[in-house]
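Below, each chain spelled out in residue letters.
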Amino acid sequence: MPFDRSKRHSIRNRLVIFIIVGVVLPLIAVNAIFLRSLYKELYDRTVQSYRSINRQITENVDYTLQSVKKYTLFPYFNDFLQECLKKDYSSEHGQEEITHDQRMYRSEVTSNIHRYNNYVGRAILYHAGSNRFFFDWPQTGNNAQITQRVLPLIQGAETRGGAEIVIRFIECGITPDEMPQIVLTRTMYDTLTRQYQGCFLLLMPVRVFSDTLEPAGSLQDVRQYIIDETGRILYSNDEERIGAVAPQAVRQFLAGDAECVQEEIDGTRVTLIRSACASEGWYVVSVMDTGILFRNVTNIIWKMAMELSALVGIAAALAVAVARTITRPLQKLRRAMNEITNGHAEARVKVERRDEVGELAVHFNKMLDEMQRTQRELLMREQEKQKAEMMALQMQINPHFLYNTLNTIKWMANMQCASSIAQACDSLIDLLRSASAKDQYVTVREEYAFTQKYLELMELRYFDSFDVIYDFAEDALDCAMLRFLLQPFIENAVFHGFPGSERRNELTIRCIRQGERLIFHIRNNGVGMEQAEVDAILTQPRKKEGGFNSIGIYNVVQRIGLYYGADFGVRIHSAPGEGTTVELIIPVCACREGGMEKC
């Protein structure tokens, strides 16, 4: 019987119409709804990420201001400056006293302010009794011009009562480098008589805010503004706008209540996001070209739309081409796939046909072989990655420790006239010998000896200001452990646990064996800390200036997790005023050549 091609085309056409109406059009509608929802979700997330960046910048600005504000009280706590403010320089020896006091003033400011705060650029003291200024830099410029720029800042100071700090923006002409400045002015009064004595001015160059904008440094086409309560731009990553008045649209945005709006500035559609500083009425504003900002989002949506459209077209074409010819053979192939899905990874599809279905079976078998090979490669790469991560964590700990040790010796050499350097060097040599060893594992006895040497250095540095109690169980000394597990906690106990404590400092280090576990306790009776800070220490590495250093601790937590698993780790118990107890739990293991094994 001859084959009727017209019937074949007729059936194909009907099948195509059915697929288009019943499958393709509904898929297109669903995809359109999905892509619209996806665009909105990506848009909201992008805006939220910029809000988070703005809030981080705001916190940085607040921290910078607060760190400078506290130094405006410096004259009240400095005996020399108190004496200067009370002096009468109108005597016959007044000029000599002024010359001498000017030099002393520079020395006091340098050693007590500039040494500890990099944000303060200049410090000026106005002596109201003699109508004279004391500068913390040699007066090589035009003194009259400097005085002319400073005097408006202290006008009316006598009526402010000393309770407020006045903050002003000065464009240039007050420092030798002509850099725009933020000036913090505090009125000075005699603490007993409340008599007006003068003013203390701290000059903060606006470039210090460049660090506060660092979180946004990698964002292209985004302008960041720090704006004061008058609408003046104090700092921006667009340096030409520093000192200028913010655009009208930005000022109207700040006058409203919304945190994020879309406006048109100079013919360009932009997105404005703001965050308010904690004080001073300042704002951090991000101005972003909306088209550029969401260009990547739009590109992703279009790419997904094209891919989905292509997949729909391919699915329709394949359905038309193979529907009537491979249905039954595919059932056999499906049963074979189910067998593999149920866990028979070595099973393969038996190739009985030499047509397209047979080729599909051949390719399926090849795919399974390739997947198994890829899985083996991924497993090997993951093992290598874990090994590399653990080596990197170890490398982070060693420089951190060596830095603090060398810093101790440097401090001793400067402050103790080198009388204890021999003892410190002996201990350091032992520590360096231990730190440079290539073995990742040591016995508890070796870690105990290392800890003793380290604490000998700490006791030298702190003039035996704390007591150390060791309590290591005899049956634990020959067990194996990772190197450098105890040192980060001991370091933080000495550096951050004891300062500020009003009692005799005491550090207790204990090791016991409980069944198949080794438990270390490191206890200090220092100042303690809040639970929120304990949680932050264990979950993320950070180093806060003058605060708790959790870089080494975070590395210890990571190493224990990588080497010993989730059943072991670190616990920290602490409360303000009650000290801190650190508990390390690791499995009992024995040393062997190149590593360790279960006892």
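Thresholds, definitions, all that
Residues numbered from 1 in each chain as written. Predicted model: local features only at pLDDT ≥ 70, side-chain atom pairs only at ≥ 80, totals over all residues. Heavy atoms only, no water. Helix = DSSP H or I, 4+ residues; strand = E, 2+ residues; numbered from the N terminus. Buried < 20%, exposed > 50% of the residue type's maximum accessible area, 1.4 Å probe, protein only. Areas by Shrake-Rupley, 256 points an atom, 1.4 Å probe, with all protein chains shown as cover. Arc of directions from axis to C-beta. Polar contact = N/O pair within 3.5 Å; in protein donor to acceptor, adjacent residues only side chain to side chain. Salt bridge = Lys/Arg side-chain N within 4 Å of Asp/Glu carboxyl O. Pairing = 2+ DSSP bridges. Axes fitted to C-alpha atoms, helices over the stretch in contact; angles between N-to-C directions. Disulfide = S-S within 2.5 Å.

(A) A look at the overall build of the protein chain. Helix and strand counts for the protein chain come out as 16 helices and 19 strands. Counting every position in the protein chain, which comprises 599 residues, the buried fraction comes to 42%. Accessible area for the protein chain stands at about 33,700 Å²; split by element, carbon and sulfur atoms hold 52% of it.

(B) Focus on helix H7 (residues 248-255). Looking only at H7, the buried set comprises Ala 249, Val 250, Phe 253 and Leu 254. The buried side chains of H7 occupy one side of the element, clustering within an arc of 140 degrees when seen end-on. Opposite the buried face of H7, by more than 90 degrees, sit the exposed residues Gln 252 and Ala 255.

(C) Quick peek at the side chain of Arg 186. In this fold, Arg 186 is placed in strand E4 (residues 181-189). A polar contact of 2.9 Å, which involves the side chain of Arg 186, links it to the side chain of Thr 72.

(D) Up close: the pattern of salt bridges. The full count for this structure, using the stated rule, is eight salt bridges. With a shortest N-O distance of 3.9 Å, Lys 87 and Glu 97 are connected by a salt bridge. Residue Lys 87 is located in the loop between helix H3 (79-86) and helix H4 (94-114), and its partner Glu 97 is located in helix H4; the two are separated by 10 residues in the primary sequence. We classify Glu 97 as partly exposed; its relative accessible area is 28%. Of the charged contacts in the structure, one is a salt bridge between Asp 101 and Lys 87, with a shortest N-O distance of 3.0 Å. On the criterion of sequence distance, the pair formed by Asp 101 in helix H4 and Lys 87 in the loop between H3 and H4 is long-range, its members being 14 residues apart. If you follow the salt bridges from partner to partner, you end up with Lys 87, Glu 97 and Asp 101 in one network.

(E) Representation of the sheet that holds strand E3 (residues 165-170). Taken in spatial order, the five strands make up an open sheet running E2-E1-E5-E4-E3, and their pairing is antiparallel. The outermost strands of the open sheet, each flanked by one partner alone, are strand E2 (132-135) and E3. Neighbour-to-neighbour, the strand axes of the sheet open up by a mean angle of 25 degrees, direction not taken into account. One ladder, built from six bridges, connects E3 with E4; its direction is antiparallel. Looking at E4, one finds that Ile 165 is bridged to Arg 186.

(F) Quick peek at the environment of Gln 181. Topologically, Gln 181 is positioned in strand E4. Owing to a relative accessible area of 2%, Gln 181 belongs among the buried residues under this scheme. Spatially, the C-alpha atoms of Gln 181 and Phe 169 are 5.9 Å apart, while their sequence positions differ by 12 residues.

(G) Focus on the state of the cysteines. Tallied over the entire structure, the rule returns zero disulfides. The thiol of Cys 511 is unpaired, and the distance to the nearest cysteine sulfur, on Cys 479, comes to 7.8 Å. The exposure class of Cys 511 is buried, given its relative accessible area of 0%.

(H) Structural context of the pairing of strand E13 (residues 479-482). Where burial is concerned, the two faces of E13 agree: the one with Cys 479 and Met 481 and the one with Ala 480 and Leu 482 are both buried. As defined by bridge partners, strand E11 (residues 441-443) adjoins E13 across three bridges and the pair is classed as antiparallel. Paired with Tyr 441 across the bridge in E13 is Leu 482.

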